[in-house]
Amino acid sequence: MSFGPRYADAVAARGRLCAGIDPHAALLTEWGLPVSVDGLRSFAQACIEGIAPVAAVVKPQVAFFEQFGSAGFAVLEETIAGCREAGAIVLSDAKRGDIGSTMAAYTTAWLDDASPLCSDAVTVSPYLGFGSLAPAVTAARDADRGLFVLARTSNPEGGGLQQSTVETGGTVAQSIVDAAAEVNAASPGTIGVVVGATREHGLDLASLGGAILSPGLGAQGATAADLARIFEGADLSWLLPAASRSILRSGPDSAALRAAVEATRDEIENALS
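Note that the structure is a prediction, hence the values are computed from the model and not measured. (Residues numbered from 1 in each chain as written. Predicted model: local features only at pLDDT ≥ 70, side-chain atom pairs only at ≥ 80, totals over all residues. Heavy atoms only, no water.)

Trainee: Requested: an account of helix α7 (residues 134-143), with residues and values cited.
Mentor: Three or more residues of α7 are buried, namely A136, V137 and A140. Along the axis of α7, the buried residues cluster in a sector spanning 100°; they form a single face. Buried residues in α7 make contact with α6 (100-111), β5 (146-152), α9 (172-186) and β6 (191-195). The positive-phi residue at the C-terminal boundary of α7 is D144, with phi of around 60°. (Buried < 20%, exposed > 50% of the residue type's maximum accessible area, 1.4 Å probe, protein only. Helix = DSSP H or I, 4+ residues; strand = E, 2+ residues; numbered from the N terminus. Arc of directions from axis to C-beta. Contact = heavy atoms within 4.5 Å.)

This is how it looks when you write it as structure tokens:
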């Protein structure tokens, strides 16, 4: 089954929520864990037990594992495998982007069954040109996996570049959405985009035909009640609000994490129904 239908099935069964796994040092300390590989593994295990069985999509933030070197990547591999076994779609937040054989190597790392990092989807950056993502687009389509391409991100520094005008007259961010829509026209749901939920984005998302990952819910200030207004005109069945810290602060108890996921999901569903 291709990524689009798999994503739709997961959301139909579990609701519209992407729950982040962000084991940064402050949270490890807040949970009473050491800022070490041992603490990282305990954090990840609690997330596997509490979040992965109920969230439609889980999003490990790769950087917080990578900072511990090879041992951190080993924990990430365990986390990806554990979350997938629990039935969640795993979206690895790696934000990879390069050209040619280097992009192909990143693609192998994150989307190839032979790799221990293999995920259902991965975030990628198009800011070397959307065409530079061709190896990843081809691999995702062939392997029934997904890409989430940065378009209009929630950080304020991104605006100057993403809202710049291209030769065709639209913005850079809109050109990325349009390129993703072209891929999805032939391969529905293969390409999602990342559009922050914390502000007006100015994009036409109506014809995207793929998921809209919208970070910013909770700790960054966006609320479930904001979503329908901010994403007016988009197909809300594809909207995937993301929350991390607001859920993770319920840890380390796995039952409390599960309850936080369920409460956030229900708030989203009620707001968008």
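More follows now that the structure is in view.
Trainee: Mind laying out the packing of α6 against α7, listing which residues take part and the relevant values?
Mentor: At their nearest, the axes of α6 and α7 sit 8 Å apart, and the two run at 30° to each other. Relative to α7, the element α6 lies roughly parallel. As for the relative orientation of α6 and α7, their crossing is right-handed in sense. Contacts between α6 and α7 involve G100, M103, A104, T107 and L111 on the former and, on the latter, P135, A136, A139, A140 and A143. (Axes fitted to C-alpha atoms, helices over the stretch in contact; angles between N-to-C directions. Parallel < 35°, antiparallel > 145°, perpendicular 65-115°, else oblique. Left-handed = near helix turned anticlockwise from the far one by under 90°.)

Trainee: So, the environment of I89: which residues are in play, and what are the values?
Mentor: Positionally, I89 belongs in strand β3 (residues 89-96). Separated by 59 residues in sequence, I89 and F148 have C-alpha atoms that sit 13 Å apart. Not counting residues within four places of it along the chain, the set of residues in contact with I89 comprises F3, R6, Y7, A10, A56, V57, V58 and D120.

Trainee: I'd love a proper account of the pattern of salt bridges, names of residues and values included.
Mentor: In total, this model carries eleven salt bridges according to the counting rule given. Close ionic contact of D226 with R229 constitutes a salt bridge, the shortest N to O distance being 3.4 Å. Here the residue D226 and the residue R229 both occupy positions in helix α10 (residues 224-230), the gap between them amounting to three residues, near one helical turn. Overall, the relative accessible area of 46% leaves R229 in the partly exposed class. (Salt bridge = Lys/Arg side-chain N within 4 Å of Asp/Glu carboxyl O.)

Trainee: Hey, could you go over empty space enclosed by the protein for me, with residue numbers and the actual values?
Mentor: Summed over all chains, the structure comprises one cavity of 30 Å³ or more. If you add up the space inside the largest cavity, you get close to 30 Å³. Lining the largest cavity are R96, M103, Y106, T107, W110, L111, V122, V124, A136 and L147. Breaking the lining of the largest cavity down by element, the ones donating at least two residues are α6 and β4 (121-124). Among the elements that line the lining of the largest cavity, the one with the most residues is α6, at five residues. (1 Å grid on protein atoms, 1.4 Å probe; cavity = no way out; pocket = protein on both sides within 12 Å on 5 of 7 lines; lining within 4 Å. Points joined across faces, edges and corners; volume = space filled by probe spheres on them.)

Trainee: Pulling in residues and values, what's your account of unusual backbone geometry?
Mentor: Here the amide bond leading from G251 into P252 is cis, since omega sits at 10°, within 30 degrees of zero. Within the fold, P252 resides in the loop between α11 (245-248) and α12 (254-272). Although it is not a glycine, K95 sits at a positive phi angle of roughly 50°. Relative to the helices and strands, K95 resides in strand β3. The backbone of D144 sits at a positive phi, close to 60°, despite the residue not being glycine. Note that D144 resides in the loop between α7 and β5. Residue D144 is classed as partly exposed on the basis of its relative accessible area of 30%.

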